[in-house]
Amino acid sequence: MKITFRTKEEANREQEKEYLALSGSERFYRFMEFIQHSKKLPSKVKKTNDKGFKVIIKTSD
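Structural notes, computed from the coordinates.

Tallying secondary structure elements over the chain gives two helices and zero strands in all. Over its C-alpha trace the chain gives a radius of gyration of 21 Å, far above what one expects of a compact globule, namely 10 Å for 61 residues. Taking the principal axes of its C-alpha atoms as reference, the chain extends roughly 65 × 25 × 25 Å. Out of the 61 residues belonging to the chain, those deemed buried represent 3%. Here the chain holds 15 positive side-chain charges and 9 negative ones, and the gap between their average locations is 7 Å.

Assignment of secondary structure puts F28 in helix 2 (residues 24-38). Placed 24 residues apart in sequence, F28 and T4 show a C-alpha to C-alpha distance of 29 Å.

Looking now at the pattern of salt bridges. Following the criterion strictly, the structure yields one salt bridge and no others. R6 is the salt-bridge partner of E14, the closest N and O atoms lying 2.6 Å from each other. The class for R6 is partly exposed, based on a relative accessible area of 43%.

The next subject is the environment of K54. Take K54: it is sitting in the segment after helix 2. Residues K54 and S25, spaced 29 residues apart in sequence, show a C-alpha to C-alpha distance of 37 Å.

Let us look at the packing of aromatic side chains. One pass over the full model with this rule turns up one aromatic pair. Ring geometry for F28 against Y29: centres 5.7 Å apart, planes inclined by 65°, an arrangement best described as edge-to-face.

Take a nonpolar patch on the surface next. Taken together, the side chains of Y19, L20, F28, Y29, F31, M32 and F34 present a nonpolar region at the surface, about 740 Å² in accessible area. Looking at the nonpolar patch, the elements that each hand over two or more residues are helix 1 (8-20) and helix 2. Among the elements that line the nonpolar patch, the one with the most residues is helix 2, at five residues. Among the structural elements, Y29 can be located in helix 2. Look at Y29 and you get exposed, because its relative accessible area is 54%.

Conventions adopted
- Residues numbered from 1 in each chain as written.
- Predicted model: local features only at pLDDT ≥ 70, side-chain atom pairs only at ≥ 80, totals over all residues.
- Heavy atoms only, no water.
- Helix = DSSP H or I, 4+ residues; strand = E, 2+ residues; numbered from the N terminus.
- Rg over C-alpha atoms; globule rule 2.2 N^0.38 Å.
- Buried < 20%, exposed > 50% of the residue type's maximum accessible area, 1.4 Å probe, protein only.
- Lys, Arg positive; Asp, Glu negative; His and termini not counted.
- Charge placed at Lys NZ, Arg CZ, Asp CG, Glu CD.
- Salt bridge = Lys/Arg side-chain N within 4 Å of Asp/Glu carboxyl O.
- Phe/Tyr/Trp six-rings, centres within 6.5 Å; stacked < 30°, edge-to-face > 60°.
- Patch = residues over 30% accessible without salt bridge, like charges linked within 9 Å, V, L, I, M, F, W, Y side chains within 5 Å.
- Areas by Shrake-Rupley, 256 points an atom, 1.4 Å probe, with all protein chains shown as cover.

Encoded structure:
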């Protein structure tokens, strides 16, 4: 295992360079993987079991 020390800017530039080297379809699949992974991350948003949505119509203020 190799450990390297670099600044945040250097790490971001390297990640961007590697990402831009991918083809369009590879970028899309990488994005989809990111979306799936981000659903597993902890969040402060409370999950509800409500599958539908509510329409509220105000007839007066």
